[in-house]
Amino acid sequence: MFAARIAELQLAVSPAFPARCDVPLTHAVGTLNDAMDPVCAPGMSANACALERYDTPPPLSSLASGCAPSSPGCLVAKWVSRCTNGTEQCTEREARCVDGTRGLAYIKPAPGSKHWVFYVDASGSPCHGDRCWTNYRFLSVLGSPKSAKALSTLFPESPTPRTISGAGVMIGDPMVSPLAQGYNRVQLDRCTELTSDTVQMIGLTDGVSDAVREVYASESPGTAQMLPAETRRSSVPVHHRGLNVWTALFATLTTAAGRDLNGDGTPDLSSFADADVVWIISGSDGANWVVHGGDLLAERVRQFAPNAQVRLGIDSFFRAGIDNEARYLPDAGPAFNIYQSTYSEDRSCGPLDVYDPYRRAPVTATCDDTNYAPNQTLVPKHSIFSRASMDARGVVIDASCRQYHGADDRPCYDTAHVLVHHLATAHLVISDRNDPAVSGAELMYVGDTTLTWRSGTGAFGRRTLDTARDIERHSTTAQREEGALAFGTTLLMLRNANRQGQPPAAVHVFTGDASRMSLQMTRCNGTTPAGPSVSVFDAIRYFDDRTRIPDPFMVEDPDDAAGTFWLTGGSCTGGPQ
């Protein structure tokens, strides 16, 4: 896709130029840095430029300026190795972003530390089929430039920075974050999905197909008519190689050459091989892929750092799954829990309280697992969380889940089921129980994912609460499909409506914003604190010191009002809601 866009930029300045990627360019095109230096020079073809920019990426000194590298909060860029072994000597270009560019990470060392935290920004989302090129080419026109840029590290139309200011879990202020000095901080530039492993041929068009225009019209009403119609089509590969990029990043941070951040020939970062604590954190849809690929990512970490304890941060992607819906049937009984319930695609759930936002009317629907069924023809309107899209992108599916379920592996595409029954790596789940971005998004266990909950966050919040309580009571028992987890493997931090001076509405994604990371929950006995207040920063550190965890299940629950309970906020006023 990178080469195709370069050819288009050449065509824009020279209309007589052939619309081909193998013809030498006649103009310098693309924007590399603040000085508007070009990405590609005349005399080379778009294809040749794409390969050269991958094999020999631009020196960091030629990229756009940013923060001062000496400041505590400044993260310095480092190109990820070409190969998954940390070298440049593999026969194929292994670690590639969606558009074919080189992986890029931003790093701040903590001298002598063996603690690492890796973060992937929540902005952007994966793509499949025709959506890949049209997202890359046209999302900027529709007002989403960050989502378009999230498919590339050398996006042809905007500068690539050599330094960025860390935010949220990456912030460098020790007065705000306890991670600022004790952890090597690494932010992976979001140019690919976190855990994917395939190459897909996609449509390359000079405009937007009717099918994609229909999707854009539903997502951004009134804007789709701004886009030109498709008149020509060819195809190009897109590289869903997130797993390779992660592996190459770990390898890069292990080799001496890879640990030399300033290019003076001396490593200035501790070897990743010596890591003893490794956090991998992402939010929004990124957290979804952390759930599915988390155990495999932990294995990859231990290939390079055999003594590392791996922890996963799953930020703002906590939703109930199809397992939970039978709870609300009249004959479910008070003892129902999702660990005893058997996953079934044809379970009767009873009517769901859903709403059709396009007809602006309530509708009748029951749950099913159509979106997790195999052998579906991929279409642009498919959710990125559907099996058809996940398979097209080569998303890593939890291996132990597939082993447990055998030929009928539909449950292994349900994020909620994998989180509850199959994720074995220690993990912290952070979310607002009534997260509006998730509760208003696709309802995955109804075939029509355009439907939403009619009562909005209320129906969603009830389900997340019921799921959280089942995790608390049963994840450490043999009722879990893969056997009991050790107590403390799962931490839940689920806020609710008692804001106590905090933002009055539910928020989506905490780890990218230090102020949200600092929001607290408090353990209460009536109006008296029963322990220290806990922020998201604290929850991460509590994982390092199990004796300091007041309770690993920090959930605001109105049913707890008569006993000891958690409240959103820093005091014990108002009672749980």
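Rules of the game
For every chain, the first residue of the written sequence is number 1, and numbering continues from 1 onward in sequence order. Only residues with pLDDT of at least 70 are given local features in this predicted model, and only at 80 or more are side-chain atom pairs given and counted; all residues enter the totals for whole chains, interfaces and linings. Only hydrogens and water are removed before side-chain values are computed, so all heavy atoms of the structure are retained for them. When two cysteine sulfur atoms are found within 2.5 Å, that pair is recorded as a disulfide. Burial classification: accessible surface area is computed with a 1.4 Å probe over protein chains only, and a residue below 20% of its type maximum counts as buried, one above 50% as exposed, and the rest as partly exposed. Only DSSP runs of H or I with at least four residues qualify as helices, and only runs of E with at least two residues qualify as strands; both kinds are numbered from the N terminus onward. Whenever two N or O atoms come within 3.5 Å, that pair is a polar contact, provided that in protein one can donate a hydrogen and the other can accept it, and provided that, for residues adjacent in sequence, both atoms are side-chain atoms. Any two residues whose heavy atoms approach within 4.5 Å at even a single point are treated as in contact. The criterion is simple. A nonpolar core is a set of buried Ala, Val, Leu, Ile, Met, Phe, Trp, Tyr and Cys residues joined through side-chain atoms within 4.5 Å. At least two bridges found by DSSP between two strands are what make those strands a pair. Note on geometry: axes are C-alpha line fits, over the in-contact stretch for helices, and angles between N-to-C directions span 0 to 180 degrees. Within this document, salt bridges are pairs made up of a side-chain nitrogen of Lys or Arg and a carboxyl oxygen of Asp or Glu, the two lying within 4 Å of each other. For this analysis, a ring pair means two rings from Phe, Tyr or Trp (six-membered ring only for Trp) whose centres lie within 6.5 Å, classed as stacked if their planes differ by under 30 degrees, edge-to-face if by over 60, and tilted for the remaining angles. Each angle is binned into one of four classes, with values under 35 degrees roughly parallel, values over 145 roughly antiparallel, values of 65 to 115 roughly perpendicular, and all other values oblique. Left-handed describes a crossing whose near helix is turned anticlockwise from the far helix through less than a right angle; right-handed describes the clockwise counterpart. Think of it as three bins: nonpolar holds Ala, Val, Leu, Ile, Met, Phe, Trp, Tyr, Cys and Pro, charged holds Asp, Glu, Lys and Arg, and polar takes everything else, Gly as well.

This brings us to the state of the cysteines. Under the criterion given, the structure shown has seven disulfides. In this model Cys-83 forms its disulfide with Cys-90; the gap between the sulfur atoms is 2.1 Å. Looking down the S-S bond of the Cys-83 and Cys-90 bridge, the torsion is -85°, so its handedness is left-handed. For the pair Cys-83 and Cys-90, one class covers both residues: buried. With its sulfur 2.1 Å from that of its partner, Cys-97 forms a disulfide with Cys-191. For the disulfide bridge between Cys-97 and Cys-191, the dihedral angle about the S-S bond is near -60°, and by the sign convention the bridge is left-handed. One end of the pair, Cys-97, is in the loop between strand 1 (74-79) and strand 2 (104-108); the other, Cys-191, is in the loop between strand 5 (184-188) and strand 6 (198-205), and 94 residues separate them in sequence. As a non-bridged cysteine, Cys-21 has Cys-40 as the owner of its nearest cysteine sulfur, 10 Å distant.

Mapping Ser-475 onto the fold places it in the loop between helix 13 (457-474) and strand 14 (490-495). Ser-475 gets classed as buried once you look at its relative accessible area, which sits at 3%. A distance of 2.7 Å separates a polar side-chain atom of Ser-475 from the backbone oxygen of Ile-471. Setting aside anything within four residues of it in sequence, one finds Ser-475 in contact with Tyr-339, Asp-470, Arg-480, Ala-484 and Leu-485.

Moving on: the nonpolar core. In this structure, Met-1, Phe-2, Val-169 and Trp-279 are the most contacted members of the largest nonpolar core, which totals 75 residues. The dominant element in this core, judged by the number of residues it contributes, is helix 1 (residues 2-13), at six residues. Once you skip the residues sitting within four places of it in the chain, Phe-2 turns out to touch Val-39, Cys-40, Cys-49, Ala-50, Arg-53, Asp-99, Thr-101, Tyr-136, Leu-154 and Pro-156. One finds Val-290, Met-390, Met-444 and Ala-468 within the second-largest nonpolar core, a separate group that totals 67 residues.

Turning our attention to the sheet that holds strand 5. One open sheet holds the ten strands; their spatial order is 4-1-2-5-3-8-9-12-14-18, and the pairing between them is mixed. Across the chains shown, the open sheet's two edge strands, defined by having one partner strand only, are strand 4 (163-165) and strand 18 (553-555). Direction aside, neighbouring strands of the sheet carry axes that sit 20° apart on average. For strand 3 (residues 115-120) and strand 8 (residues 277-283), the ladder comprises six bridges, and the chain directions are parallel. Each bridged residue has a counterpart across the sheet, and for Val-117 the counterpart in strand 8 is Trp-279. Together, strand 8 and strand 9 (309-315) form the strand contacts of helix 7 (residues 285-304), whose direction differs from that of strand 9 by roughly 175°.

Further remarks concern the pattern of salt bridges. The full count for this structure, using the stated rule, is 33 salt bridges. Arg-232 is paired through a salt bridge with Asp-206; the nearest N and O atoms lie 3.6 Å apart. Note that Arg-232 is positioned in the loop between helix 5 (210-219) and strand 7 (233-240) and Asp-206 in the loop between strand 6 and helix 5, a separation of 26 residues in sequence. One salt bridge in this structure joins Arg-462 and Asp-559, with 4.0 Å as the shortest N-O distance. Of this pair, Arg-462 sits in helix 13 while Asp-559 sits in the loop between strand 18 and strand 19 (564-568), placing them 97 residues apart in sequence. Through salt bridges with shared partners, a single ionic network connects Arg-327, Arg-462, Asp-466, Asp-470 and Asp-559.

The next point concerns helix 6 (residues 242-252). Burial within helix 6 is extensive, with eleven of its eleven residues counted as buried. For helix 6, the set of buried residues is Gly-242, Leu-243, Asn-244, Val-245, Trp-246, Thr-247, Ala-248, Leu-249, Phe-250, Ala-251 and Thr-252.

Quick look at the packing of aromatic side chains now. Under the criterion given, the structure shown has twelve aromatic pairs. Where Trp-246 meets Phe-250, the ring centres are 5.6 Å apart and the plane angle is 40°; that geometry is what we call tilted. You can see Trp-246 and its partner Phe-250 sitting in helix 6, four residues apart, about one turn around the helix. Taking relative accessible area as the criterion, Phe-250 reaches 0% and is therefore assigned buried. Ring centres of Phe-250 and Phe-272 lie 5.2 Å apart, and the angle between their planes is 10°; on these two criteria the pair is classed as stacked. In this pair, Phe-250 sits in helix 6 while Phe-272 sits in the loop between helix 6 and strand 8, placing the two residues 22 residues apart along the sequence. The residues Phe-250 and Phe-272 share a single accessibility class, namely buried. A network of ring pairs unites the aromatic residues Trp-116, Phe-118, Trp-246, Phe-250 and Phe-272 as a single cluster.

To continue, consider the sheet that holds strand 13 (residues 452-453). Ordered by their spatial adjacency, three strands build an open sheet running 11-10-13, and the pairing between neighbours is antiparallel. Two strands close off the open sheet at either side, each with one partner strand: strand 11 (361-363) and strand 13. The pairing of strand 10 (residues 354-356) with strand 13 spans two bridges and is antiparallel. Bridged to Tyr-355 within strand 13 is Thr-452.

With that settled, the discussion passes to helix 3 (residues 130-138). An α-helix turns once every 3.6 residues. As a result, residues three or four positions apart point the same way. Helix 3 sits mainly inside the fold: nine of its nine residues count as buried. Taken residue by residue, helix 3 has Asp-130, Arg-131, Cys-132, Trp-133, Thr-134, Asn-135, Tyr-136, Arg-137 and Phe-138 as its buried positions.

Interhelical geometry of helix 6 versus helix 7 gives an angle of 25° and a closest axis separation of 9 Å. Between helix 6 and helix 7, the crossing angle belongs to the class labelled roughly parallel. Crossing handedness for the pair helix 6 and helix 7: right-handed. Contacts from Leu-243, Trp-246, Thr-247, Phe-250 and Ala-251 of helix 6 reach helix 7 at Leu-296, Leu-297, Arg-300, Val-301 and Phe-304. Looking at the contact of helix 6 with helix 7, its residues break down into eight nonpolar, one polar and one charged.

Attention now moves to unusual backbone geometry. Generally, phi is negative for residues other than glycine and the peptide bonds are trans, each holding for most cases. One non-glycine residue, Met-36, lies in the positive phi region at around 65°. Its location among the elements puts Met-36 in the loop between helix 1 and helix 2 (46-55). For Met-36, a relative accessible area of 56% corresponds to the exposed category.

Any link to function would need more than the numbers given here.
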